[in-house]
Amino acid sequence: MCGINGIFQLSLGNLHLKDAVSGMNGQLAHRGPDDNGIWIDESHKLALGQTRLSILDLSSAGHQPMHDHTAKNTIVYNGEVFNYQLLNNEFLKEETFNSHSDTETILKLYRKFGIDMLKHLNGMFAFALWDASQEALILARDRSGKKPLYFSEMNGNFSFSSELKALFQLPWIKKEIDDKVLYDFLTFNSVATPHTMFKGISKFKPGHYMVVTKSGIKTYESFNDLKYKKLEFSSEKELEDIVFNKLEESVKLRMISDVPVGAFLSGGVDSSAIVALMRDNTPNAIKTFTIGFEDQPNYNELQYADKIAKRYNTNHFVKTVTPNDLLDFIPKITDIYDEPQADTTAIPIYFISQLAKEENIKVVLNGDGPDELFSGYSNFEKYVKTYQYFKLANKAPKFIKGIANTVIDTMMPDSPLSEMTNRLYHKQDFYWPGAAGMKEGVKLDILSKGFKEKVNGHSSYNYVKQLKQEYLKFLDGQNFDYVNWLCYSGYRHAVTERFLFRADRLGMANSIEARSPFLNHEMVQLALSIPGEYKIKNGVNKYILKKSLERILPEDILYRKKMGFNLPIREWAKETIYNGVKDNIKSFNKDTNLFNLDEVNTQLRLLKDGNDKYTNNIWTMYFLINWYKKWF
């Protein structure tokens, strides 16, 4: 995996391009500790930089920026195209290769097909390619958004990078918070594409490409072919085979590497399936990695991970995280996260990536994605059942909804029921994907009057409406399937905005590349096209996936109660979080005027008195305060 960045000066300026891109490369050294390079085209005022983590072709032939001397094109590239060997054999047989890297494949495919080559790529990538004949910079990001890419067009400059911190090195980039994005962050605990927390900087949309010329951004369009596809199968058994075969193919492709490939193994269904299929596809040693928590049996799955490691003969490594490990790390997370994400479940990814690095593994497979794509969460089933009652309640006159909302909000403030009656009254959807942060009623109480005036009635519900419109477009006229709406929105929010972000940042902090077989774009399309009745059946979540895996996994792994990859934040860090907010909220509010301090102090007091329901709110504030302190 790598870091990429660049500057395209669209108007006259006196910037020293080499120094500027060198400074950007320095901020991305953790993404590519093996090599780095800079290419300058003074005639076009263009500079491209890259830091390299060598995975394919470890020799100097894989150095970037890489040039196609025939077409005079140049590329900086972050990622892996897993089917590059197949593409070489199918389309590039007559070509002479100077390396055996997928970077060179992309350059040659672009010379042959132009931007249409994107539809052939199966992988995770973000790249910028200078097309000399068009005098244009071409940028693209993979369909799921596995690899990050940010860009900005301001002050006569177009700039881009794998991480925000590199863009902060440029003198014209001013760190100014977007208040509406901050407002939404408090609801979703993350920042949704295409926004960032900073005005003037955008997150590149997954599955899109961009053409930039001297006149600025000329084209910004989707190449993503993700659409509902009616599946042809004659029996449930045949559907099981379709799912299993696609997953097996995906794992096999993602084992292509010139360095050893390991796996994160929690002992749950998904990571266990990945390890089983890895073993089927290699006779070589496989290193697997698991995290446990000291004296916290409710958070540990070590026995299940150990069982799978023994069953499939892996070299298994375990790290037991202590309270001190966690408390030492929490303040450091904002050094890694230049974009805020207040998701505590991400923290174990850092420790397991650190363990892999200690064992000299650069590439790991993980089990991200299937809980969203195949409906693996027990609350999905609850949402499906509760939605029926919500639809009935929605038929009530508005004044009845208003009375119910007022009464319940008075009797049960800050409760899930209060949130539901509020959504009913305001004609909003029952389900808000990823709204794991502050409830809307709580948020309005905890924000200062001045900040609420600045956002001027902005609603976080706009994001839900955006996802709903995307899902209807995906359906392409097919019947609405509520289970698959939950799956689609989970994929677009939890996977793209949270899981892939954390896997990239926390992996790259340890120079680890994480690959997600379940997020092969063909696997995603298959999963989202499977009728919901096969995802929740007979009280079993993720039904069709589990049935397909019965051939390789034991029953006690497949059908035990799901635990999730969490950490004991309440048990270990509540006091730290409480003190962190109590000691810093005044100075933070002096700079931002974000919060109503009386309400914050009320929640702090309730948390101190043992009311755990405010832990998440205080954690969000704690994270935001520390993030702000680091980046402003």
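Check the entry above for the structure.
The structure presented is a predicted model; accordingly, all values stated were derived computationally and were not measured. (Residues numbered from 1 in each chain as written. Predicted model: local features only at pLDDT ≥ 70, side-chain atom pairs only at ≥ 80, totals over all residues. Heavy atoms only, no water.)

This brings us to the sheet that holds strand S4 (residues 66-68). Within a beta sheet, neighbouring strands are joined by backbone hydrogen bonds and run either parallel or antiparallel to one another. Read from one edge to the other, the open sheet built from six strands follows the order S4-S5-S6-S7-S11-S12, with strand pairing classed as antiparallel. Either end of the sheet is taken by a strand with one partner, and the two such strands are S4 and strand S12 (216-222). Across the sheet, the axes of successive neighbouring strands diverge by a mean angle of 20°, strand direction being ignored. Of the pairings in the sheet, the one linking strand S7 (residues 136-141) to strand S11 (residues 208-213) comprises four bridges and is antiparallel in character. Residue Ile138 lies in a different strand from S11, and its bridge partner there is Val211. Here helix H3 (residues 102-113) sits on the sheet and contacts S4, strand S5 (73-81), strand S6 (123-131) and S7; the angle it forms with S5, its principal contact strand, is near 125°. (Pairing = 2+ DSSP bridges. Helix = DSSP H or I, 4+ residues; strand = E, 2+ residues; numbered from the N terminus. Axes fitted to C-alpha atoms, helices over the stretch in contact; angles between N-to-C directions. Contact = heavy atoms within 4.5 Å.)

Turning next to unusual backbone geometry. Cis geometry marks the peptide bond from Gln64 to Pro65; its omega dihedral reads 0°. Along the polypeptide, Pro65 turns up in the loop between strand S3 (46-52) and S4. Thr193 connects to Pro194 through a cis peptide bond whose omega is 10°. On the secondary structure map, Pro194 appears in the loop between helix H5 (179-188) and strand S10 (202-203). Unusually for a residue other than glycine, Asn189 sits at a positive phi of about 65°. Here Asn189 is to be found in the loop between H5 and S10.

Right, let's talk about the pairing of S3 for a bit. The buried fraction of S3 is high, at seven of seven residues. Where burial is concerned, the two faces of S3 agree: the one with Leu46, Leu48, Gln50 and Arg52 and the one with Ala47, Gly49 and Thr51 are both buried. Sheet topology places strand S2 (residues 35-41) next to S3; seven bridges connect them, and they run antiparallel. Note on S3: the bridge partner recorded for Asp41 is Leu46. (Buried < 20%, exposed > 50% of the residue type's maximum accessible area, 1.4 Å probe, protein only.)

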